[in-house]
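# Residue-level structural notes
Take a look at the letters that make up each chain.
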Protein chains: 2
Amino acid sequence: MRGVVMYGPGDVRVVDREAPKIIEPTDAIIRITTTCICGSDLWPYRGVEPVDHTFMGHEYVGVVEEIGDAVQTLKVDDFVVGSFCISDNACEICRAGYQSRCVRGSFVAAAIGTQAERARIPYADGTLVPTPGRPAPELVPSLLAASDVLGTGWFAAVAAEVGPGKTVAVVGDGAVGLMGVLAAKQLGAERIIAMSRHADRQALAREFGATDIVETRGDEGVAAIQELTNGLGAHSVIEAVGTQESLMQAIRSTRPGGHIGYVGVAHEGVALPADELFFAEVHLHGGPAPVRRFLPELIDLIWDRKIDPGKVFDLTLPLAEAAEGYQAMDQRRAIKTLLTL
Amino acid sequence: MRGVVMYGPGDVRVVDREAPKIIEPTDAIIRITTTCICGSDLWPYRGVEPVDHTFMGHEYVGVVEEIGDAVQTLKVDDFVVGSFCISDNACEICRAGYQSRCVRGSFVAAAIGTQAERARIPYADGTLVPTPGRPAPELVPSLLAASDVLGTGWFAAVAAEVGPGKTVAVVGDGAVGLMGVLAAKQLGAERIIAMSRHADRQALAREFGATDIVETRGDEGVAAIQELTNGLGAHSVIEAVGTQESLMQAIRSTRPGGHIGYVGVAHEGVALPADELFFAEVHLHGGPAPVRRFLPELIDLIWDRKIDPGKVFDLTLPLAEAAEGYQAMDQRRAIKTLLTL
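Residues numbered from 1 in each chain as written. Chains lettered and ligands numbered in written order. Predicted model: local features only at pLDDT ≥ 70, side-chain atom pairs only at ≥ 80, totals over all residues. Heavy atoms only, no water.

## As for the sheet that holds strand 2 (residues 11-16) of chain B
Residue and element names in this part refer to chain B.
- Strand order in the open sheet formed by 3 strands is 2-1-4, and the pairing between neighbours is antiparallel. Across the chains shown, the open sheet's two edge strands, defined by having one partner strand only, are strand 2 and strand 4 (54-55).
- Sheet topology note: the strand 1 (residues 2-8)/strand 4 ladder contains 2 bridges and is antiparallel. Looking across to strand 4, one finds that Val 5 is bridged to Phe 55. (Pairing = 2+ DSSP bridges. Helix = DSSP H or I, 4+ residues; strand = E, 2+ residues; numbered from the N terminus.)

## Notes on the sheet that holds strand 15 (residues 254-262) of chain B
- On the basis of which strands lie adjacent, the open sheet formed by 12 strands has the order 13(A)-12(A)-11(A)-14(A)-15(A)-17(A)-17(B)-15(B)-14(B)-11(B)-12(B)-13(B) and mixed pairing. At either end of the open sheet lies a strand with only one pairing partner, and these are strand 13 (212-214) of chain A together with strand 13 (212-214) of chain B. With strand direction ignored, the average angle separating the axes of adjacent strands in the sheet is 20°.
- When strand 17 (residues 283-286) of chain A meets strand 17 (residues 283-286) of chain B, the two strands line up antiparallel, connected through 3 bridges. Within the sheet, the bridge partner assigned to A:His285 lies in strand 17 of chain B and is B:His283.
- The strands that helix 6 (residues 175-186) of chain A touches are strand 11 (167-171), strand 12 (191-195) and strand 14 (234-239) of chain A; relative to strand 12 of chain A, the one it contacts most, it runs at about 175°.
- Strands strand 11 (167-171), strand 12 (191-195), strand 14 (234-239) and strand 15 of chain B of the sheet are contacted by helix 9 (residues 244-253) of chain B, whose axis makes an angle of about 145° with strand 15 of chain B. (Axes fitted to C-alpha atoms, helices over the stretch in contact; angles between N-to-C directions. Contact = heavy atoms within 4.5 Å.)

## Quick notes on the pairing of strand 6 (residues 79-82) of chain B
Residues and elements named next belong to chain B.
- Going residue by residue along strand 6, you find Phe 79 and Val 81 tucked away on one face and Val 80 and Gly 82 tucked away on the opposite face as well.
- Bridge count between strand 6 and strand 10 (residues 128-130): 3 bridges; the pairing is antiparallel. Within the sheet, the bridge partner assigned to Val 81 lies in strand 10 and is Val 129. (Buried < 20%, exposed > 50% of the residue type's maximum accessible area, 1.4 Å probe, protein only.)

## As for the UniProt feature "domain: Alcohol dehydrogenase-like N-terminal" (unreviewed entry) in chain A
- Under the local residue numbering, the UniProt record ascribes the feature "domain: Alcohol dehydrogenase-like N-terminal" (unreviewed entry) to residues 25-129 of chain A.
- Its end C-alpha atoms 18 Å apart, residues 25-129 of chain A is made of 11% helix and 31% strand. (UniProt positions renumbered as here; feature names shortened; annotations may be inferred.)

## Section: the UniProt feature "domain: Alcohol dehydrogenase-like C-terminal" (unreviewed entry) in chain A
- Within the UniProt annotation, "domain: Alcohol dehydrogenase-like C-terminal" (unreviewed entry) is assigned to residues 175-300 of chain A.
- End-to-end, the C-alpha atoms of residues 175-300 of chain A are 21 Å apart, and along that stretch the chain is 48% helix and 24% strand.

## As for the relation of the copies chain A and chain B
- Mapping chain A onto chain B calls for a rotation angle of 180° and an axial translation of 0.0 Å; the resulting RMSD is 0.0 Å. A rotation of that kind, with that shift, is consistent with a two-fold axis.
- In this assembly the copies share their binding face: 100% of the residues contributing to the interface of chain A also contribute to that of chain B. (Least-squares fit on C-alpha atoms with pLDDT ≥ 70 in both.)

## Thoughts on helix 12 (residues 322-330) of chain B
Residue and element names in this part refer to chain B.
- Within helix 12, burial applies to Ala 322, Gly 325, Tyr 326, Ala 328 and Met 329. Summarising the axial view, the buried residues of helix 12 lie within an arc of 165°, below the 170-degree limit, and thus occupy one face.
- Contacts from the buried residues of helix 12 go to strand 1, strand 2, helix 1 (42-45), strand 18 (315-318) and strand 19 (337-340).
- Arg 332, located one to two residues past helix 12, shows a positive phi value of around 60°. (Arc of directions from axis to C-beta.)

## Looking at unusual backbone geometry
- The phi angle at A:Ala110 is positive, at roughly 65°, despite the residue not being glycine.
- When you line up the elements, A:Ala110 lands in the loop between strand 8 (106-107) and strand 9 (118-121).
- Overall, A:Ala110 belongs to the partly exposed group, its relative accessible area being 43%.
- Despite not being glycine, B:Arg305 shows a phi value in the positive range, around 55°.
- Mapping B:Arg305 onto the fold places it in the loop between helix 11 (291-303) and strand 18.

## Looking at the packing of helix 8 (residues 218-228) of chain A against helix 9 (residues 244-253) of chain A
Residue and element names in this part refer to chain A.
- It is at 9 Å that the axes of helix 8 and helix 9 come closest, and there the two elements cross at 25°. The orientation of helix 8 with respect to helix 9, classified from their angle, is roughly parallel. For the pair helix 8 and helix 9, the crossing hand works out as right-handed. Residue-level contacts link Gly 218, Asp 219, Val 222, Ile 225 and Gln 226 of helix 8 to Glu 245, Gln 249, Arg 252 and Ser 253 of helix 9. (Parallel < 35°, antiparallel > 145°, perpendicular 65-115°, else oblique. Left-handed = near helix turned anticlockwise from the far one by under 90°.)

## Here we look at the interface of chain A and chain B
- Across the boundary between the two partners, chain A contributes 40 residues, which contact 41 residues of chain B.
- Buried area between chain A and chain B, both sides added, is near 3,300 Å², and the carbon and sulfur share of it is 63%.
- Across the contact surface, chain A and chain B share 2 salt bridges.
- Residue A:Arg255 is joined to B:Glu92 by a salt bridge in which the shortest nitrogen-to-oxygen separation is 2.9 Å.
- Counting across the interface, chain A meets chain B through 18 residue pairs in polar contact (both at pLDDT 80 or more).
- Of all the secondary-structure elements, those providing two or more residues to the side of chain A that touches chain B are helix 2 (92-95), strand 15 (254-262), strand 16 (271-273), helix 10 (274-280) and strand 17 of chain A.
- Looking at the side of chain A that touches chain B, the element that brings in the most residues is helix 10 of chain A, giving 6 residues.
- Classifying every residue of the side of chain A that touches chain B gives 25 nonpolar, 9 polar and 6 charged. (Buried area = accessible area lost by both parts, 1.4 Å probe. Salt bridge = Lys/Arg side-chain N within 4 Å of Asp/Glu carboxyl O. Polar contact = N/O pair within 3.5 Å; in protein donor to acceptor, adjacent residues only side chain to side chain. Nonpolar A, V, L, I, M, F, W, Y, C, P; charged D, E, K, R; others polar.)

## Things to note about the side chain of B:Thr254
- Along the chain, B:Thr254 falls in strand 15.
- Reaching out from B:Thr254, the side chain makes a polar contact with the backbone oxygen of B:Ala250 at a distance of 2.7 Å.

## Quick notes on the packing of aromatic side chains
- Using the criterion set out here, one finds 10 aromatic pairs over all chains in the structure.
- Between A:Phe155 and A:Phe294, the aromatic rings sit 6.4 Å apart at their centres with planes inclined by 40°, giving tilted as the arrangement. Of the two residues, A:Phe155 sits in helix 5 (residues 149-159) while A:Phe294 sits in helix 11 (residues 291-303), which places them 139 residues apart along the sequence.
- Overall, A:Phe155 belongs to the buried group, its relative accessible area being 1%.
- Among the aromatic residues, those joined into a cluster by ring pairs are A:Phe107, A:Tyr262, B:Phe278 and B:Phe279.
- The lysine or arginine in question, A:Arg17, covers the ring of A:Phe55, its NZ or CZ lying 3.6 Å from the ring centre. (Phe/Tyr/Trp six-rings, centres within 6.5 Å; stacked < 30°, edge-to-face > 60°. Lys NZ or Arg CZ within 6 Å of the ring centre and 35° of its normal.)

Structure (structure tokens):
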């Protein structure tokens, strides 16, 4: 089968890969119908993370082609949305809502690689959620978004305890930050401040529900948030970048007792000064999003056309042109690239 | 009046200080009847923090001697317990329960110094809580504990979302850690693991409700907690030390999705690795305890003799012998020293 492999920084190729087979009775093989490129795929692309002949892709929707003997909730031909984290959805950690840290879990990235025609999904019952039927084509990008970027933005908003009456600041205007804006709107936030310096992303943020835009960042950005919140800071801050600067900006933009939901993957070396964090007296929660927790609800919202997160894809290419999709995102010509099969 | 002044590391003296006067109409002057020495008073004592002719003490109970014209909830002769943080208990941050970060707030430490015969308490209505009557003498140590160390341990337990069915680990066996054990018990925890290497503190921890003792610390301590929790980690971890080692121990002892309540004041230079924190997927919350939030409830529990936090004081001295009290705590001959006036 054809699949995307990254050979080294900047070197992405669509090549022949061995087709997956059922190994465990809890596996399913899915034929991927739509996949996409993640902001995190750009790190190895940019040489920030090691890469060596790596299978790429961890977001996916598709059709079940084959199931192992132990799979109970899925059948062949089901259209499914899966999380970027494999989970049995049955262990104590999963049952508490942290399927991204399932005791039997793993990441789809690298080991599986869903920028490909097919994928073997372990713990299929615990990882995949079938849609109510075969989706209308215009719903597919939104369902695909649920696989990671929407689920991640949603988790950030939940972790930041977004809700009615709250003022929310969103640090990061990438796809996850924009999904955080959408989630905040859906969860009833009163005011949503998107921090963005790019006109196209600002426009999308407003479309998703942002009420205010702050163009500055760092100390100036913090000052702007403080000014918009009577000097108190936001109730809820979504951090969707993961750098030292963005994390400090999030901490300093949050009022005492407020909540930060952080989903920007922090790189090695980023460190939070414990004394500043202590006196800031904020709540901090984040990590790899337990997308599986939210998938049933997100699929319903999309199916009922209450949200349209698929708008975050501003470039669509066939899988064969994945290399151009990476380049477009790297050069910020695209927010997020959808790949069709 | 007489009061404790620290002239430099290890140099504590009881000297004459100017008696306080009403300055603002929201002030009260209280005659302190009982005060104590805090673990945090040992930092300047040990030279970890700068000190220069500093008024000491921030825990106190006493009798109202004089009130400013604007004080409404207190009258002369009331017996009061006060927080170690001044708060108006009226601003938006206070109303959200974060009186330790009141927009008009300040710390009692250094500026006021309650290891003294009298103290001027700003925003008396928002800082002091009167007891139902003049307390029986045996209740006074417990009421004094509520002023900081109990309120702080209680906040840590609340921040760590302690509750029925939960397994709680407590890092730190100082007075605050021990109060965290008491709070966890009172809040209904199923299992309370106290981490302590000292027999006397272990005994007190058991008396306050600890069900298990772990004597190891660092990686070994983490392994012990993991072993006691099926390899998952504790639901709730109370961190009551504030060092790099203890904070990492707390993070690594918490299960994914679990909660850390940290109240050990982090020193400059302590830094949390953001990548480890991200993948740990824990909730982190802490800071200076908003004791005022909990004071009415804590006073009731003490008044009704449902809790006896005063047991944490294992040395009682007259104010005049404060220097010996500091020395006893510094040399770990005493957990916490009560000073009578």
